[in-house]
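# Chain and residue survey
These are the residues of each chain, in order.
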Amino acid sequence: MEEVDNGCEWDVASDTCEQTTDQLSSDEDTDGKEEHELKMDDLKDEEAEELPDLEWLEELYNCNFILLTPTTPAPKSESESDDDLACESGDEKERTFSATARMFKLRRNLDQLDNFHRQKECALLKAREDLNLLRQSIESLLEQRDVLEQEIEHQEAAENSVAVTRLRAQHRNLCYELQREEEIETHTNNELRQQELELSEVELEVGKFSVLRQEVQEEERVFKVFKAQNAVKRLQQEKNNSRTLQRKIQHLKKKNVDVLEKTGTLSQKKKEDGQANRKVGAKYLRETVRRMQQQEAEREQRKRESMQKRIEAVKLLKSNIEATQENLRVRQSRAKANALKKERHEKRLKETLQAQGINSTRHIYQQKRDEEMKQKQEEFKERQKARRVEIVDKLLEEQLVKSRKAQEAPLPKTKTGHKILSPGRIREKLLRYLDSVHPSGTERETTLRNLSASGSSSDSEYQEDIIQKEMQHLSLPDSLEEPEFCGLWDQNFKPPMNEKTTLTPTDVKREHAVVCPKLSTTPKKVGGKQIKGPSFTSKPEVILFKDFEVGETYKKKVILTNISYITNHCKFLGISAQLQDFIMINFQPPGPLSTGMSCEMHITFHPSINEDLEGEVDFASAAGRFSVPVRCTIKRCDLEVDNQFIDFGSHVVGQTISRTITLTNKGALATRFSLDTTKPVPEIHQVQMPSHRSADTQQDTSTLNTDQTQSTASTREVHSMDRILDRSTVSRKSQRESRVSTPDPRAASVSSSMHSQIPEALSDTCDIRIGNVREGDIGPFESVKLEIIFSPTVPGEVKLDLYIKFSDPTSCPIAILVKGEGAGLPVWVVEPNIDMKICMFDRLYQEVVTLQSSTSTALKLTFDLWPEMRKHIEIIPRTGFLQAQSSFTAHLKFVPRNTLPQDANKYFDSATGVLEVPMTVQVAGQVQPVIYTVQAIVTSSDLKFGQSEVDFGYCSIYQSVKSSVRLTNMSLLPQEFGFVGLPEFVDVQPNDGFGTLLPQETLEIDVIFSANKAKEYRFHLSCKSGINRVFPLACRAMGVCPTLALSHSLVQFGPTAVGDHSTALLYLTYNQTVRNQSKQRPSAGARLFSFTPPQDSSIIITPAAGRLLPGKRCLVLVTFNPKLEDRDIKEEALRLLLKAKQTKEDSKKLLEEEAKRDAEPSKGKKLSKASKLSDFSSKTSTPVETPPPDNIEAGGQRFEEARASLLHSFTSRYSEYTIPCFVSDGDPPEEDRQAQPTWSPLNTVYLKLQCPAIQPPLVVVSSNIRNYALDFQQVAVGERVTKRFSVKNISEESLEMRSSLLDIYGPFSLLNSLRGVGPGEQHTLVLAFCPTLEKKYCETLEVRCQKMTLAVTLRGEGVVPAITSSHSGGLLDFGYVLEKESTSYVLKLQNSSAVAVGFKAMLYSLSLSKTKGADERVALLLGGYTNSKIQPVVGTQNYNGLSVFSVLPVEGSIAARQSQDVVVTFHPDHPSANYSDQLTIELVNKSKLCVLDLRGAASSHNMYLLGGEPLTVPIESLLPPLITSQTHLAGQSDEMEIQVLVTLLASYSMGTIRPAVKNLEVGCIRASKKGNDFNWDNMASLQQMGFNVEPSKGNVEAGTRRTIKLTWIPQSGHKPNEVVQTCAPLTLKGDETRVYSVTLIALVSTHVD
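Here's what I pulled together on the structure shown here. (Residues numbered from 1 in each chain as written. Predicted model: local features only at pLDDT ≥ 70, side-chain atom pairs only at ≥ 80, totals over all residues. Heavy atoms only, no water.)

## Here we look at the overall build of the protein
In terms of regular secondary structure, the protein is built from 20 helices and 77 strands. Within the protein, buried positions represent 33% of all 1649 residues. With an accessible surface of roughly 103,000 Å², the protein has 52% of that area assigned to carbon and sulfur atoms. (Helix = DSSP H or I, 4+ residues; strand = E, 2+ residues; numbered from the N terminus. Buried < 20%, exposed > 50% of the residue type's maximum accessible area, 1.4 Å probe, protein only. Areas by Shrake-Rupley, 256 points an atom, 1.4 Å probe, with all protein chains shown as cover.)

Right under this line is the structure:
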């Protein structure tokens, strides 16, 4: 433990030393970096810096001082010395550790001192190198300065001032650099001296610690020795530990081996037990599976039968409903006809009575009353009948209750016993009772007739009803107590019996016991004696009619003997109901019979059905009731075998033993039998629908009224159907529970058909087989012998189950178990079939033949060998001895020679190569030899080439030529092959010429030849097989050197999506230095070349042809643009079209079939469903006519849909193209340049393209894209048209889309941004087209994603619109309009261009730019009021805020070659003459078609005056008007006066005065009843002042204007510049009278404009 601890301390110390050294080295690196980062500008400041921190140097001084100072320990006392002796080892450890730590610390400090010394040396060397570089630089600068000074002197001498100036500037710069370099040299020299001083100081310090360094080295040496010793100790300890560990591992291994052996033994035992359990489980599992399959088959059969019955019942119900509906329709039509006939009869009767003078109404009414009374009487009689029936039922119930109570009560002591009345007696008694209640004879007869009618079917049915009612009453409890368990008395329902229903003897006895419960069980007393048991016996005891045949008559005599002790009598009561139709009783009742006396009874049996019958003949005696059973049985088969288990015992293999069994038929019915090994399938009983309720239903419905039957027929049939289904279910359950003995022949047929499907040849493959008699017929009371043979072929126990089946369904199959055991030979071959598998000719194969003996003595063996096989098979040894209870082994050598087909054609099949040789081994003392067989399939080992020689032809040295050779493996075994020793210019693929050929496989071998020189090649290829056979192949080729060469002969395009393209750049070079090897050397000159890509391919080569000069090269662009072929698209379109048509036709035919099915009459619906379905399938299977592919237009809607379908279902496609480039021998001859130049195949260059096409991740899904082109068609210049198209991501990855940049000055623009689309998502691109010139535009938009680029071609054409207007522009005056009325003007716009053109109709009053005229409006309002000619664009407007002018439509589009009407409406809401606005018709290209100035005036009356000087501004404002109107005084007329000013200016010139003339217009808007007149007043005063008015009065027609001419002629003596003024009223009479006060101002002006 001490050594381990010391080792740990040394490790810690060494780690500490390493960390210290690393820290010091890192400090050195940091210092070095800091020194390199010093700049030249800081060199002067470096002297002022302090020296680095040298604390470690102080520590080193301290350590040195401690070492050099001697230490003298202080004297110790004895006690202290003892303590020191006790702690000596501990102090030694502490001193060792402290010394080690001190040693490492000294080493660290010394290393740091050494590093510091090396740094100083490096700094000194660097300073010296820098100083040398600076001196060299200074010398070069001095030389340059001398050169410049000489150059300056030279240029000064040459008087080149410019050069002198430049050289002097260079000289100044050079001097400045020289001065700087000298300063740096001085500084560097000082620094060098400083570094030398510091280095000398450091060396001094290193010398001081030389003694300390030697001590440290000595301590390190001691430490290494100690560490080595410690390592040796630890190594020895580890070896000891490893040996201990190995011993433990060996012990564990041994233990694990034992455990594994035990586990193996247990697992083997468990495995054997599991195998045995699995065998047993498999046996029971097979039986369980077989049983489950049988049960499943039975369930399926029952299910099918039930379903079939339900289907039949539904069909029956449907037919009944249809028949009922038809009957209802017939009855309704018949009732309508009867009603009509009755009406006609009444009408005729009424006419007849009226003709006779009788009151027809009263007569008809009386007749109806009589009919109603008769009907009421009939209804009353029916109710009486029903009531009587109820009374009879009630009396019967009471009688039965009384009889039951009397039976339960104790018997009275009377001589006569209690008698039970028969059903006939009960009925008679009830009728007598009814007669006493209703003494009328007619009613009695009616009652008897009804009762007899209800039971007229048969007496048995009546008796059954009575028995049922008795059973019901007997089952009723006498009190409220309930029994603890259910008995027969709870079975209130018993299904009625028909003629086909059979009763078992138990049922007959039970019925008899119910009818007479006490007479058969309670002892009687007659004559004071108690009688027990029956009083009569019958001989025979059971009347048996065995094996009867239908139609025959059988008679029997029965003797009844009185065995009682008293004189007794015998009375015949009756026979069972089921025997009444077949048995007749002839019995004469004897008188009293003494004891031992007998009487006879004759029974005649005449069967009419082939069924078993059972019943009883009932008699009555003094002692009570007794019966004689009767049993009638049909012919049956009674089959049995004498032995059902055959044990052959143990026999040697090869022997044959047979046993015989006897099949006996003890019945009277013949049948057919068959003997095989198939297990019979259980019979499937058929369930028949009970039909006995149909009669009851008919009887019930027959008693109802006819009208009620018609109304409720369908409802009854539905309920009857439900009852039938319920009864069928109950019947099926009862049959399953009771296991009815009478089988259904249909079930037997099904069972026989199932048996026939099971193979019967299984017994022939077993050691136990059946003899010659396998099937046959067995008659009544006959027997047949069946032989079973046992021939063991393999040792072991054999068991076989045989079954004898019969055609008679009532006979169950008989099972026979056969067992035998085969014993083997004493000597046998362990492997009797020696299979050598597949062998090749001339190859050695060995196998071992092992013989085993079970005898107790040694035997001699001799192996026989056929003479034909002696060359091919050898057995070693041929003779040997087989020891007792042991085995013998011989070696068989098989070497098939090529002569095997000739030598052993008896055992060898040349066609298949199968060899099968039977071999024998003779055993001494054993007659039968031991046989074994040698089997093998012998095949060849040849490899065959498809051709004997490969000719590569002419091969360019720039390319490789591939030739395919077929290599076939002629063997039935796989063979490895390889081409070895290939020349350097030949390559064999695939797998470099190595591989494996499967049997009879042919492989395409590609031999690639690459000529390296222009010469002829002849060589052989060697193909070696896996068994070292060599197969040569001869090859030849001619190497040539073409004139032109491609830079790349192979182009591998990346995966390119359909619709995208990939490009590759190549160079075609004219190699002028190459010499052709042909004998006829062409002239050196230009060469013509031509690329020939395949037609309809996706390859485009640019240029495809050209001319190349010597030494030049041509750039060739190869484009791969995968696309879908038009033929494929059309085929897909046809397929989609046919699919749509087929679907449409199928749906149409289905609808037609349903309509026909619904329209068919009820009589025509009797066809089966299967026939209808087959008819429909035959109709729908008619082929649809295929339209020709030419009918599908390329670019149409169907074409694009088919393209989208193909793109969605597109899979990757790979194609290769080899494109030849033909090169001419030169230019065409100069005489005829159009002649074809000569082309040599030696110069042809080939280009190979590998083109993979993939599904595009992006597809266009819009219908407006045709062949990746978006056509905007013709668009008017300046108009902007927007179109959209969508792209869809059909890949499984998200795509980030981006687009190419469209021309920013072009007409096309992308309006929305692109985004990422997920799988299955779509994105819509919005594109706009706005042409600016009249021309065609075309541009390409590229939609890019990670995997493809989708190019869409944008096309459009700009067209200048040609639009004309019916109004050229200018003023559009609407005239005067009554206020709040409107007038319109239609402006017609005609588009004569070929495109639709949009337009806008804009009113200035509604535009945003109308505020620009605000200054004009304010100036107009604040300016002068007189002589104002200013007319604003927008005048007076309506008070309601709406524009007085309106336009419809405001905007729109004019189709090509069409016109558009624009309606302008003027609608004022107050009188004004200053309505105005401006209408501008503007096209989409911002061009103005026309500008209309709209004017209009409004008046409140139909008459108006127009003209005169304006008295106000032309627009309305808030300022007061210039002339205020005078108010009317009270009592004045209501005529309104409106001020009008007319200024007349006469001109004076050259002494002549020209009269002044002004016109006023009087207008009429609408005609008035009062007239439309005007009149001037004070005409005389006007004339006096020189004014003349024409006309002074008149009439104005509606919608017109009339001009009034005002003329002023100055009078003589008129002074110039004198104003003449007068006022004349003008009266306008319309709907109202208005007076205009016209002020006339006249003057003479010498300067009139």
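## Describing the pattern of salt bridges
Applying the stated criterion to the full structure yields 39 salt bridges. Linking D114 and R213 is a salt bridge whose minimum nitrogen-to-oxygen distance equals 3.0 Å. With D114 in helix α4 (residues 88-158) and R213 in helix α6 (residues 210-356), the pair connects residues that are 99 residues apart, well separated along the chain. A salt bridge links R672 to D777; its shortest N-O distance comes to 2.9 Å. One end of the pair, R672, is in strand β14 (residues 671-676); the other, D777, is in strand β16 (residues 775-778), with 105 residues separating them in the sequence. (Salt bridge = Lys/Arg side-chain N within 4 Å of Asp/Glu carboxyl O.)

## A few points about the pairing of strand β29 (residues 930-939)
For β29, a buried count of seven out of 10 residues is recorded, marking the element as mostly surrounded by other parts of the structure. Summarising the sheet, strand β21 (residues 833-840) and β29 pair through six bridges and their orientation is parallel. Among the inter-strand pairings, D835 is bridged to a residue of β29, identified as Q935. Summarising the sheet, strand β28 (residues 914-923) and β29 pair through eight bridges and their orientation is antiparallel. What sits directly across from E916, in β29, is Q935. (Pairing = 2+ DSSP bridges.)

## Considering α6
The first and last C-alpha atoms of α6 sit only 181 Å apart over 147 residues, clearly below the 219 Å expected at 1.5 Å per residue. Positive backbone phi, approximately 90°, marks G357, located one or two places after α6. (Expected span 1.5 Å × (residues − 1).)

## A closer look at the sheet that holds strand β8 (residues 598-605)
Spatially, β3-β5-β8-β7 is the arrangement adopted by the four strands of the open sheet, whose pairing is antiparallel. What marks the edges here is a single partner per strand, and that holds for β3 (536-539) and β7 (583-586). Strand-to-strand twist across the sheet, computed as the mean angle between neighbouring axes with direction ignored, equals 25°. Relative to strand β5 (residues 554-562), β3 runs antiparallel, the two being bridged by four bridges. Along β5, the bridge assignment pairs T537 with T561. (Axes fitted to C-alpha atoms, helices over the stretch in contact; angles between N-to-C directions.)

## A closer look at the packing of helix α16 (residues 1126-1159) against helix α18 (residues 1197-1208)
For the pair α16 and α18, interaxial distance at closest approach is 8 Å and the crossing angle is 100°. In this view, α16 runs roughly perpendicular relative to α18, as classed from their interaxial angle. Each of D1126, D1128, I1129, K1130, E1132, A1133, R1135, L1136 and L1137 in α16 lies in contact with α18, whose residues at this interface are R1198, F1199, E1201, A1202, R1203, S1205 and L1206. Of the residues that constitute the contact of α16 with α18, the class distribution is seven nonpolar, one polar and eight charged. (Parallel < 35°, antiparallel > 145°, perpendicular 65-115°, else oblique. Contact = heavy atoms within 4.5 Å. Nonpolar A, V, L, I, M, F, W, Y, C, P; charged D, E, K, R; others polar.)

## Looking at the environment of Q885
Mapping Q885 onto the fold places it in the loop between β25 (879-882) and β26 (887-894). Judged by relative accessible area, which is 53%, Q885 ranks as exposed. Separated by 31 residues in sequence, Q885 and S854 have C-alpha atoms that sit 5.0 Å apart. Discounting chain neighbours no more than four positions away, the residues touching Q885 are Q852, S853, S854, T855 and S856.

## Points about a positive patch on the surface
On the surface, K283, R286, R290, R291, K679 and K799 cluster together into a positively charged patch. No other element matches the four residues that α6 contributes to the positive patch. Mapping R286 onto the fold places it in helix α6. (Patch = residues over 30% accessible without salt bridge, like charges linked within 9 Å, V, L, I, M, F, W, Y side chains within 5 Å. Lys, Arg positive; Asp, Glu negative; His and termini not counted. Charge placed at Lys NZ, Arg CZ, Asp CG, Glu CD.)

## Quick look at the environment of L1506
Here L1506 is to be found in strand β68 (residues 1503-1506). Overall, the relative accessible area of 27% leaves L1506 in the partly exposed class. Separated by 33 residues in sequence, L1506 and A1473 have C-alpha atoms that sit 9.1 Å apart. In contact with L1506, other than residues within four places in its own chain, are Y1376, L1560, E1561 and R1601.

## So, the nonpolar core
Ranked by size, the top nonpolar core spans 64 residues in total, and within it L1068, F1091, I1099, V1118, L1249 and F1285 carry the most contacts. With five residues, strand β48 (residues 1245-1254) is the single largest residue contributor to this core. Judged by nonpolar contacts, the second largest core, of 34 residues, contains C839, L861, V930 and Y932. (Core = buried A, V, L, I, M, F, W, Y, C linked by side-chain atoms within 4.5 Å.)

## Thoughts on a negative patch on the surface
Negative charge collects at one region of the surface, where E139, E143, D146, E149 and E153 lie side by side. If you trace the backbone, E139 turns up in helix α4.

## What about the sheet that holds strand β22 (residues 845-853)?
If you walk across this open sheet you meet the four strands as β20-β22-β26-β24, and the pairing is antiparallel. Each edge of the open sheet is held by one strand with a lone partner, namely β20 (827-829) and β24 (873-876). Averaged over all adjacent pairs, the angle separating strand axes in this sheet is 25°, with direction ignored.

## Here we look at unusual backbone geometry
Peptide bonds are trans in most cases, and residues, glycine excluded, mostly fall at negative phi. Cis geometry is adopted by the peptide bond preceding P877, which originates at I876 and carries an omega value of -10°. Within the element layout of this structure, P877 appears in the loop between β24 and β25. Cis rather than trans, the peptide bond between T1102 and P1103 has omega equal to -5°. Turning to its location among the elements, P1103 is positioned in the loop between β44 (1099-1102) and β45 (1105-1108).

## Some words on the side chain of N1502
Positionally, N1502 belongs in the loop between β67 (1488-1499) and β68. Here N1572 takes part through its side chain, which lies 3.4 Å from a polar atom of the side chain of N1502. Among residues more than four places away in sequence, those in contact with N1502 are L1378, G1563, C1564, I1565, R1566, A1567, S1568, N1572, G1630 and D1631. (Polar contact = N/O pair within 3.5 Å; in protein donor to acceptor, adjacent residues only side chain to side chain.)

## Let's talk about the packing of aromatic side chains
Taken as a whole, this structure holds 31 aromatic pairs when the rule is applied. On the numbers, 5.3 Å between centres and 70° between planes, the contact of F985 with F1019 is edge-to-face. Of this pair, F985 sits in the loop between β33 (975-980) and β34 (986-989) while F1019 sits in strand β37 (residues 1016-1025), and the two are 34 residues apart along the sequence. Counting every residue linked through ring pairs, the aromatic cluster contains F536, F572, F587, F619 and F626. Above the plane of the ring of F545 lies K556, whose end atom (NZ or CZ) is 5.5 Å from the centre. Here the guanidinium or amino end of R1113 rests over the ring plane of Y1067, the centre of that ring lying 3.9 Å away. (Phe/Tyr/Trp six-rings, centres within 6.5 Å; stacked < 30°, edge-to-face > 60°. Lys NZ or Arg CZ within 6 Å of the ring centre and 35° of its normal.)

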